[in-house]
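Structural overview for review
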Amino acid sequence: MQQAIPYKAWPLPLPGRHAGDQKPATQFHGSEKGAVRDVVSENAVIVLARRGCCMSHVVKRLLNGHGVNPSVFEFEEDEENDVAKELETIGAEHDGENNRRVQFPAVFIGGRMFGGLDQVMATHISGELIPALKKAGALWL
């Protein structure tokens, strides 16, 4: 009988870390200063969610169904406040608004805060999600 190949998580390339210090990609350490900003700017589509969140699973499945393979970074509950503050700062820089509350899972498309699950579902139903993904370079068709 054949044996399954063990899963290997690829390390997250963040500045200021040594190769031996890197955590698996699913264990995002969001409390590092500027870590969230770097990850958001380097990926066409990224989903940031709390570990074990069922809503992040829904977002991932929806995006995968469209042929997009988003980068997904999960964080622990104790890191949520740090990640939320940095995401609000990033959103305020792009939109000029400082009162926008971050919802998890947070979806960034093209380096901009797209929204939470409700925004992704609403744009999917209205047909605006695919053009936004094409504009960000996440879809080629």
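Residues numbered from 1 in each chain as written. Predicted model: local features only at pLDDT ≥ 70, side-chain atom pairs only at ≥ 80, totals over all residues. Heavy atoms only, no water.

Notes on the sheet that holds strand β1 (residues 45–50)
Ordered in space as β2-β1-β3-β4, the four strands form an open sheet in which the pairing is mixed. Each edge of the open sheet carries a strand with a single partner, namely β2 (71–75) and β4 (112–115). Direction aside, the axes of adjacent strands within the sheet are offset by 25° on average. The pairing of strand β3 (residues 106–109) with β4 spans three bridges and is classified as antiparallel. Bridging from a neighbouring strand, I109 pairs with R112 of β4. Across the sheet, helix α1 (residues 35–42) is in contact with β1, β2 and β3; its angle to β1 comes to roughly 145°. Contacting β1, β3 and β4, helix α5 (residues 129–136) runs over the sheet at an angle of about 55° to β3. (Pairing = 2+ DSSP bridges. Helix = DSSP H or I, 4+ residues; strand = E, 2+ residues; numbered from the N terminus. Axes fitted to C-alpha atoms, helices over the stretch in contact; angles between N-to-C directions. Contact = heavy atoms within 4.5 Å.)

Some remarks on the confidence of the model for the protein chain
Regions with low pLDDT carry predicted coordinates that are not meant to be interpreted in detail. Counting all residues, the mean pLDDT for the protein chain is 77, and 69% of those residues have values of 70 or more. Within the protein chain, helix α4 (residues 117–126) carries the highest mean pLDDT (94), whereas helix α3 (residues 80–95) carries the lowest (76). Overall, residues 17–28 carries pLDDT values under 50, and its contacts beyond four positions in sequence, including any with other chains, amount to 34 contacts. (pLDDT = per-residue confidence, 0-100.)

Concerning the pattern of salt bridges
Within this structure, the stated rule accounts for four salt bridges. Through salt bridges with shared partners, a single network forms among R51, K60, E74 and E76. (Salt bridge = Lys/Arg side-chain N within 4 Å of Asp/Glu carboxyl O.)

Some remarks on the packing of aromatic side chains
Per the counting criterion, the structure on display carries one aromatic pair. Seen in terms of ring centroids, F75 and F104 are 5.0 Å apart; in terms of plane orientation they differ by 70°. Their pairing is edge-to-face. Pair noted here: F75 is in strand β2 and F104 is in the loop between α3 and β3, with a separation of 29 residues, a long-range link. The exposure class assigned to F75 is buried, which follows from its relative accessible area of 0%. (Phe/Tyr/Trp six-rings, centres within 6.5 Å; stacked < 30°, edge-to-face > 60°. Buried < 20%, exposed > 50% of the residue type's maximum accessible area, 1.4 Å probe, protein only.)

Considerations on the nonpolar core
Counting 15 residues, the largest nonpolar core has V45, L63, V68, V107, I109, L129 and L133 as the members making the most contacts within it. Those elements that place two or more of their residues in this core are β1, α2 (54–65), β3, α4 and α5. Sorting elements by how many residues they give to this core places α2 first, with three residues. Among the nonpolar cores identified, the runner-up in size contains 14 residues, and V39, V83, L87 and I90 belong to it. (Core = buried A, V, L, I, M, F, W, Y, C linked by side-chain atoms within 4.5 Å.)

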